[in-house]
Structure formats: C-alpha cells, structure tokens
Amino acid sequence: MRSLDAFAAGKLAELDQRHQRRTLVPTARLDGAWLERGGRRLVSFSCNDYLNFASHPQVKAAAIRAVEQHGAGAGASRLVTGNHPLIEELEARLARLKGTEAACVFGSGYLANLGIIPVLVGRDGLVIVDELAHNCINAGAQMAPGRALTFRHNDLSHLREILAAERGNYTHVLVVTDGVFSMDGDLAPLKAMGELCAEYDAWLMSDDAHGIGVIGGGRGSVHVGEGAAAVPLQMGTLSKAIGSYGAYLCASKPVIDLMKTRSRTLVYSTGLPPAAIGAAIEALNIIESEPELIARPVEKARRFTRALNMAPAESPIVPIILGAETRALEAQRVLAEAGYLVSAIRPPTVPAGTSRLRFAFSAAIEDADIDAVAALLREKIL
Ligand SMILES: *Cc1c(COP(=O)(O)O)cnc(C)c1O
C-alpha cells in the first residue's frame, strides 16, 4: 500500500509546513492542578476538569462502587440491554439541575451533537449556528439533511437578519450556540437570543460544555443572572467540570422521548460505562452542596484578567491571542520551561491568524501560580 503511506506522509508534510501538525504527548494527571509530562511535574492551565473532580476522592470512590455493582461496561446500546439503573438516576438529576422535564445521556459531547441536531433538522429544516461554535455542532449540522447557515459570533442583529429572510422558507428552524465559547471564554447572550428565537418560532439549543458546574450557580449559562433564559434545548457534557465522560440533553419530555428513539448516536452506540455515570452523579452531589467550590474557577480566572488589565473573565476560560502559530508555540514553550502547562491553540480549532494560549482555570490552581504566570506573560510574551 505504498500510495496509502505516501498520501499520509504528504498530508503530514503540508501540516508541518504550516506549523499545524499536532501530536499526542503521554500525560499523567496527578492530584489537583498537577500533571506529569516528559518526566516533569507541571501545573496545568489546560485541563477542563475545572473542579478537579477527576481526582476527587468521593468521585473516584463512586466510580469504583459503580463498577462493583454494575460492571465495567454497559454491554449494549441503551435500547437493548445497556440502560443500567445509574443512567436513569443521572438523567433525573440533570433534569432537576437544569429545570427541565427530562434529560437524555449520550456517549460524549461530540456524539450528542452529532445525534441531536439531525433529529431536529429534517429536509425541510434550517439550522443556524454561531460561527465560533464548537466543531461538533457544525459536524451535527452537516449530518442533518436540512440547510445549514452561520451567523456572526454573538451578533444578534445578524441572526435576526437571517431569521427575517429565511424563516418563511423552512418548516422548522434550529439555532445552536455554545453557552460558553470553548476557545474564547465569552458567553452567548442567551436571554436575548431566547426572546429573538421565540419571536420567529425558532428552537434554541445551547451547548454548555464549559458552563455546567462553574457558572449560573453551577446550573450553567442558561441560569446566569436573574431568572432563566428561554432555551428549550440545553445540551452539555459530563467531561469538563463534571470530571467524568459523557454528555446530556435536557429538554421537555416529548423531545427527550424522540431523542431516545431516533438519535442515531444513542440508538447505534453502546451505553456509557457505569463508572462514568457513577462519578457524574457524585460530582452533581458536590456541585449542589458546595457553592464556594463552584465559584472558585471563575474567581481564579478573574485574578488573572485583573493582573493583566483585561476585561473580567466571564467563565474559567481566558484566551491570550498571539496571532501566528509560531508565536503561540513559543509562548507555550516558555511557560512550560517555568513549570506551567498552557496549550497553544492553532487553526483549524480557531480562525487563521488567531493562534493563542488558552488558559483554563481549575479550583485547585494556587493564586501564587496565577500571579507568576501573569508576570511571565508580561515580561516575556506580550
Ligand atoms: C468539549 C466540547 C464538546 C465535546 O465534548 P466531549 O464530551 O469532550 O466529546 C462539545 N461542545 C463544546 C462546546 C465543547 O467544548
């Protein structure tokens, strides 16, 4: 298969030339904000485990109990024999947290968006997506038989323009946005978006991968500020602040019942392993009982934005946009040398010319490390 290897090598060479090749680095995550890479211990500013639940003793114990009671794997699709009792317990807990009638758990955030969007956007449907929304939202929109459009990032007048021009041409319209933008850390204006969508009878879906557990009192971006935004489809993941793996959609009972019978990534994929579900339930127990813990990641992020005279962080994510790929990679190297892991994020994850350091603050990061990193940035990078 010489042509196959030549194809792969050619693609890799192109990526190398653009400084866009990525490689996997073995990384052992230790307690709190620590990890080990290449024989060195580093403080991580790159884990989405905002509440450090992945190494929390109670969460780990819950995962172990789940394995002992229910086994290592689910054994089949949830519609066959993989629907172990912990999954339904978790769905009830998620619906309660989000204030919806029902919830449906999926294999991962990526699988959830691939599964949900095509169920709602048929041949006569339109899906409109924020231009900076996560890759898997666009992938879900591509898998749907209807038409897909994008609107400018957080630009409600552009969204209104599209709705005004296109609403009449489609039976149903779905609007999808990140609640917290994964590479920028800003929030979608969900309250105003909810009103706009209601005006045009468009269905609004938020992806709250980076919101649940850390903003809106732990209930996520729909619950930031007074009252809840009108978002009938609240999707999110169990893989970030929840510290585990998997994802969910919280919505009305008819919508959830439809997902459970029609969503291809639920129907044709194995149920989540009991350990992941047991861990997620315990994480929710802690989120609901420790308000000072859930406030900490955003407080840490704000300490950092204050130190750099930036606008106050709205979430635990703060980007430092540097432009060229090489600049972001060099900044990553300088910080790693000082003992800090901060990932350089490059195209196509972010638009061309906006390579950046993406800081993700977890509750366990020490204030002294935040101050030291801010000083390093000022002295050597900015
Ligand atoms: C991480 C992320 C996902 C994917 O979730 P996984 O559970 O990691 O597959 C989806 N949407 C957004 C906004 C994310 O940041």
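Residues numbered from 1 in each chain as written. Predicted model: local features only at pLDDT ≥ 70, side-chain atom pairs only at ≥ 80, totals over all residues. Heavy atoms only, no water.

**Things to note about the packing of aromatic side chains**
So, step 1. Counted according to the given criterion, the structure contains 6 aromatic pairs.
So, step 2. Measuring from ring centre to ring centre gives 5.9 Å for Phe45 and Tyr340, while their planes differ by 70 degrees; the resulting arrangement is edge-to-face. Highlighted residues: Phe45 in the loop between β3 (40-44) and α2 (57-70) and Tyr340 in strand β12 (residues 340-341), separated in sequence by 295 residues. For the pair Phe45 and Tyr340, one class covers both residues: buried.
So, step 3. Taking the centre distance of 5.7 Å and the plane angle of 75 degrees together, the rings of Phe45 and Phe359 count as edge-to-face. With Phe45 in the loop between β3 and α2 and Phe359 in strand β14 (residues 355-360), the pair connects residues that are 314 residues apart, well separated along the chain. Phe359 matches Phe45 in its accessibility class, with the two residues each being buried.
So, step 4. Among the aromatic residues, ring-to-ring pairing joins Phe45, Phe304, Tyr340, Phe359 and Phe361 into one connected group.
So, step 5. Between the NZ or CZ atom of Arg41 and the centre of the ring of Trp34, over which it lies, the distance is 4.4 Å. (Phe/Tyr/Trp six-rings, centres within 6.5 Å; stacked < 30°, edge-to-face > 60°. Helix = DSSP H or I, 4+ residues; strand = E, 2+ residues; numbered from the N terminus. Buried < 20%, exposed > 50% of the residue type's maximum accessible area, 1.4 Å probe, protein only. Lys NZ or Arg CZ within 6 Å of the ring centre and 35° of its normal.)

**Here's the deal with the packing of helix α6 (residues 156-166) against helix α7 (residues 190-199)**
So, step 1. The geometry of α6 relative to α7 is characterised by a closest axis approach of 11 Å and an angle of 10 degrees between their N-to-C directions. Classified by the angle their axes make, α6 and α7 are roughly parallel. For the pair α6 and α7, the contacting residues are Leu156, Leu159, Arg160 and Leu163 in the first and Ala192, Met193, Leu196 and Glu199 in the second.
So, step 2. Residue composition of the contact of α6 with α7, grouped by class: 6 nonpolar, no polar and 2 charged. (Axes fitted to C-alpha atoms, helices over the stretch in contact; angles between N-to-C directions. Parallel < 35°, antiparallel > 145°, perpendicular 65-115°, else oblique. Contact = heavy atoms within 4.5 Å. Nonpolar A, V, L, I, M, F, W, Y, C, P; charged D, E, K, R; others polar.)

**Describing the sheet that holds strand β10 (residues 247-251)**
Sheet strands pair via backbone hydrogen bonds, and the direction of the pair is either parallel or antiparallel.
So, step 1. Pairing is mixed across the open sheet formed by 7 strands, whose spatial order is β4-β10-β9-β8-β7-β5-β6. Only two strands of the sheet have a single neighbouring strand rather than two, namely β4 (102-106) and β6 (147-151). Direction aside, the axes of adjacent strands within the sheet are offset by 20 degrees on average.
So, step 2. Here 5 bridges tie strand β7 (residues 172-178) to strand β8 (residues 203-207), and the two strands are oriented parallel to one another. By the bridge assignment, Leu174 is partnered in β8 with Trp203.
So, step 3. Of the strands in this sheet, β4, β9 (233-237) and β10 touch helix α3 (residues 85-98), which is tilted by about 125 degrees from β4.
So, step 4. Contacts from helix α4 (residues 109-120) reach β4, β5 (125-130), β7, β8, β9 and β10, with the element oriented near 160 degrees to β9. (Pairing = 2+ DSSP bridges.)

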